[in-house]
Amino acid sequence: MKIYTQRLEQLDQDAVYESIELNFDTRQKSRFRATLKNGHDIGADLPRTGILRSGSFIATDAGEILKVEAKPEQLMCVSSSDAFELLKAAYHLGNRHVPLMLTPTALYFEPDHVLAEMVEGLGLHVENVMHPFEPESGAYAQHQHDHRLSPIKAIHHVSH
């Protein structure tokens, strides 16, 4: 089993790598096991320097490279035709310290029926979707991702 021990900041243009999709929970861990699409198991024992964001690269001591992508997972999507209403929902969810992904047209958080009812009570629409999860890292964390430049579209809706 290959063990990935390094986070890469930059990659040579001609670098060869494999890719793996991981959910948010796994991308928060510095140590984990996973299976590649080809069925090979890999392990990670990475420095504890933050979350693996979609598009991050990790490497083995031998120089083998793996690109990490955010795997679609079940989330709650908050939407409104009124941008100010969406802003109010972000405020209320943020007050509850919920990991929250912000896009120009929607908010995403992990399934929680109590939070969904709160947001619906504010007059917004909430639905279950399958979507990659890239929550904001916080004001004091090193910010690596700008959702305004590349919003990700939901790929599959799941019924309540």
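Placed above this text is the structure.
Here the structure is a predicted model, which means the values were calculated and not measured.

## Observations regarding the pairing of strand β7 (residues 72–79)
Turning to step 1, where the next piece is worked out: Most of β7 is tucked away: six of the eight residues are buried.
Turning to step 2, where the next piece is worked out: Sheet analysis places β7 next to strand β10 (residues 125–132), joined by eight bridges and oriented antiparallel. Residue pairing for β10: Pro72 is matched across the bridge by Pro132.
Turning to step 3, where the next piece is worked out: As paired strands, β7 and strand β9 (residues 106–109) are joined by four bridges and run antiparallel to one another. Looking at β9, one finds that Cys77 is bridged to Tyr108.

## Regarding the nonpolar core
Among soluble globular proteins, nonpolar side chains are generally buried collectively.
Turning to step 1, where the next piece is worked out: Ranked by size, the top nonpolar core spans 15 residues in total, and within it Val78, Leu93, Leu107, Phe109 and Val119 carry the most contacts.
Turning to step 2, where the next piece is worked out: Counting only elements with at least two residues in this core, the list comes to β7, α2 (83–95), β9 and α3 (113–121).
Turning to step 3, where the next piece is worked out: Top contributing element to this core by residue count: α2, with four residues.
Turning to step 4, where the next piece is worked out: Excluding its chain neighbours within four sequence positions, the residues that come into contact with Phe109 are Leu75, Met76, Val78, Leu93, Val98, Pro99, Leu100, Leu115, Ala116 and Phe133.
Turning to step 5, where the next piece is worked out: One finds Ile42, Ala44, Leu46 and Leu66 within the second-largest nonpolar core, a separate group that totals 13 residues.

## Remarks on the sheet that holds strand β5 (residues 56–60)
Turning to step 1, where the next piece is worked out: The strand order across the open sheet built from six strands is β2-β6-β5-β1-β4-β3, with neighbouring strands paired in mixed fashion. Of all the strands in the sheet, the pair left with one neighbour each is β2 (17–22) and β3 (31–35). Mean inter-strand twist for the sheet, computed between neighbouring axes without regard to direction, equals 35°.
Turning to step 2, where the next piece is worked out: The pairing of strand β1 (residues 2–8) with strand β4 (residues 41–45) spans three bridges and is parallel. In the strand pairing of β4, Ile3 is matched with Gly43.

## As for the packing of aromatic side chains
Turning to step 1, where the next piece is worked out: Counted by the stated rule, this structure contains two aromatic pairs.
Turning to step 2, where the next piece is worked out: A centroid spacing of 5.0 Å and a plane angle of 75° characterise the contact between Tyr17 and Phe57, whose relative ring orientation is edge-to-face. Of this pair, Tyr17 sits in strand β2 while Phe57 sits in strand β5, and the two are 40 residues apart along the sequence.
Turning to step 3, where the next piece is worked out: For Tyr17, a relative accessible area of 36% gives the class partly exposed.
Turning to step 4, where the next piece is worked out: Taking relative accessible area as the criterion, Phe57 reaches 15% and is therefore assigned buried.
Turning to step 5, where the next piece is worked out: Seen in terms of ring centroids, Phe24 and Phe133 are 5.2 Å apart; in terms of plane orientation they differ by 75°. Their pairing is edge-to-face. Note that Phe24 is positioned in helix α1 (residues 24–27) and Phe133 in the loop between β10 and β11 (156–157), a separation of 109 residues in sequence.

## Here's the deal with the side chain of Lys67
Turning to step 1, where the next piece is worked out: Relative to the assigned elements, Lys67 resides in strand β6 (residues 65–70).
Turning to step 2, where the next piece is worked out: Every residue in contact with Lys67, bar those within four places of it in the chain, is listed here: Tyr17, Glu18, Ser19, Ile20, Gly55, Ser56 and Phe57.

## Quick notes on α3
Turning to step 1, where the next piece is worked out: Where α3 is concerned, the buried positions are Leu115, Ala116 and Val119. On an axial view of α3, the arc spanned by its buried residues comes to 100°, and they lie on one face. Facing away from the buried side of α3 by over 90 degrees, the exposed positions are His113, Val114, Glu117 and Gly121.
Turning to step 2, where the next piece is worked out: The inward-facing, buried residues of α3 contact β7, α2, β9 and β10.
Turning to step 3, where the next piece is worked out: Measuring from the side-chain oxygen of the N-cap residue of α3 to the backbone nitrogen of Val114 gives 3.0 Å; that N-cap residue is Asp112.

The rules behind each value
Residues numbered from 1 in each chain as written. Predicted model: local features only at pLDDT ≥ 70, side-chain atom pairs only at ≥ 80, totals over all residues. Heavy atoms only, no water. Buried < 20%, exposed > 50% of the residue type's maximum accessible area, 1.4 Å probe, protein only. Helix = DSSP H or I, 4+ residues; strand = E, 2+ residues; numbered from the N terminus. Pairing = 2+ DSSP bridges. Core = buried A, V, L, I, M, F, W, Y, C linked by side-chain atoms within 4.5 Å. Contact = heavy atoms within 4.5 Å. Axes fitted to C-alpha atoms, helices over the stretch in contact; angles between N-to-C directions. Phe/Tyr/Trp six-rings, centres within 6.5 Å; stacked < 30°, edge-to-face > 60°. Arc of directions from axis to C-beta. Polar contact = N/O pair within 3.5 Å; in protein donor to acceptor, adjacent residues only side chain to side chain.

Everything listed is a geometric property; what it means functionally is a separate question.
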